[in-house]
Amino acid sequence: MISLIVAKAQNNAIGKGNRMPWHISGDLRYFKKVTTGHPVIMGYNTWVSLGARPLPGRTNMVISRNHTLQPGSGALCFPSLDTAFAAADHVMPEGEEIFIIGGGQLYRAALPFADRLYVTEVETVIEDAEVFFPEIDPARWKLESRSERMYDEKSGYYYSFLIFTRK
């Protein structure tokens with residue numbers, strides 16, 4: 001099963017300056033809880049934004065046609081999404097959930113293959129964002145659940161967790 005997990009603003013903004021435009025502790029805890037124990041696939045810029053360090057408790061897979069990772073980096077590098085999916089299929093049990101964790105190009109490439117979307121909807125608009133999540137087409141996706149509305153005191157943002165499944 002292929003899942004995308006993302007925190008996005010109301011205008012689908014997800015990044016600015018190779019960073020997320022907010023820091024919401026509750027979202028980071030949710031991300032860790034949902035993805036731990038599963039393979040995570042990310043683009044090279046996402047890998048760099050994480051400090052070029054692997055996320056613990058997950059097989060870290062990085063997609064890059066132009067970069068290689070140093071031996072001992074703690075991540076596997078693949079030239080394409082297809083090769084990463086093929087590698088994950090060989091090492092995972094049948095039905096295991098694979099998470100795409102960013103960035104924008106990888107989300108666009110993976111969306112047609114996705115079975116589930118985990119979306120943290122942040123109640124803001126980031127006008128000067130540089131990276132965006134693709135539109136979620138209601139003709140293709142069904143909202144399965146929505147958490148209660150939460151507030152992060154440090155950032156000042158309200159947010160909710162939504163889960164969509166492919167129709």
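Refer to the structure presented above.
Note that the coordinates shown come from a computational prediction; the quantities given were computed from them, not determined experimentally.

## With respect to the pairing of strand S7 (residues 116-122)
Within S7, five of the seven residues are buried, which leaves the element mostly enclosed by the surrounding structure. Pairing between strand S1 (residues 2-9) and S7: seven bridges, direction parallel. Bridging from a neighbouring strand, Ala9 pairs with Val122 of S7.

## Notes on the nonpolar core
Of all hydrophobic cores here, the largest spans 27 residues; its most connected members are Leu4, Ile41, Ile100 and Leu117. Of all the secondary structure elements, the ones that give two or more residues to this core are S1, strand S4 (60-63), helix H3 (81-91), strand S6 (98-100), helix H4 (104-110), S7 and strand S11 (157-166). The greatest single-element share of this core, amounting to four residues, is contributed by H3. Non-local contacts of Ile41, meaning those with residues more than four positions away in its chain, are made with Met61, Ile63, Leu81, Ala84, Phe85, Ile98, Phe99, Ile100, Ile101, Gly102 and Leu106.

## Overview of the side chain of Glu96
Among the secondary structure elements, Glu96 is positioned in the loop between H3 and S6. Buried charged residue Glu96 carries no salt bridge. Nearest counter-charge: Arg116, at 10 Å. A polar contact of 2.6 Å, which involves the side chain of Glu96, links it to the side chain of His38. Non-local contacts of Glu96, meaning those with residues more than four positions away in its chain, are made with Met1, Gly37, His38 and Pro39.

## So, helix H1 (residues 25-35)
Of all the positions in H1, only Gly26, Asp27, Tyr30, Phe31, Val34 and Thr35 are classed as buried. One side of H1 holds all its buried residues, which, seen down the axis, span an arc of 145 degrees. Along H1, exposed side chains directed more than 90 degrees from the buried face belong to Arg29, Lys32 and Lys33. Looking at the packing, one finds that the buried side of H1 touches S1, strand S3 (40-43), S6, S7 and S11.

## Quick look at the environment of Ser64
Examined against the element boundaries, Ser64 turns out to sit in the loop between S4 and strand S5 (75-78). In the structure, Ser64 is positioned 20 residues away from Tyr44 in sequence and 5.7 Å away in space, judged by C-alpha atoms. Those residues within four positions of Ser64 in sequence are excluded, and the remaining contacts are Tyr44, Cys77, Phe78 and Pro79.

## Describing unusual backbone geometry
In the segment running from Gly102 into Gly103, the intervening peptide bond is cis, with an omega of 0 degrees. Its location among the elements puts Gly103 in the loop between S6 and H4. A positive phi angle, close to 55 degrees, is found at Asn18, a residue other than glycine. The topology assignment puts Asn18 in the loop between strand S2 (13-15) and H1. Residue Asn18 is classed as partly exposed on the basis of its relative accessible area of 39%. For Ala52, which is not glycine, the phi dihedral falls at a positive 55 degrees.

Conventions adopted
- Residues numbered from 1 in each chain as written.
- Predicted model: local features only at pLDDT ≥ 70, side-chain atom pairs only at ≥ 80, totals over all residues.
- Heavy atoms only, no water.
- Buried < 20%, exposed > 50% of the residue type's maximum accessible area, 1.4 Å probe, protein only.
- Helix = DSSP H or I, 4+ residues; strand = E, 2+ residues; numbered from the N terminus.
- Pairing = 2+ DSSP bridges.
- Core = buried A, V, L, I, M, F, W, Y, C linked by side-chain atoms within 4.5 Å.
- Contact = heavy atoms within 4.5 Å.
- Lys, Arg positive; Asp, Glu negative; His and termini not counted.
- Salt bridge = Lys/Arg side-chain N within 4 Å of Asp/Glu carboxyl O.
- Polar contact = N/O pair within 3.5 Å; in protein donor to acceptor, adjacent residues only side chain to side chain.
- Arc of directions from axis to C-beta.

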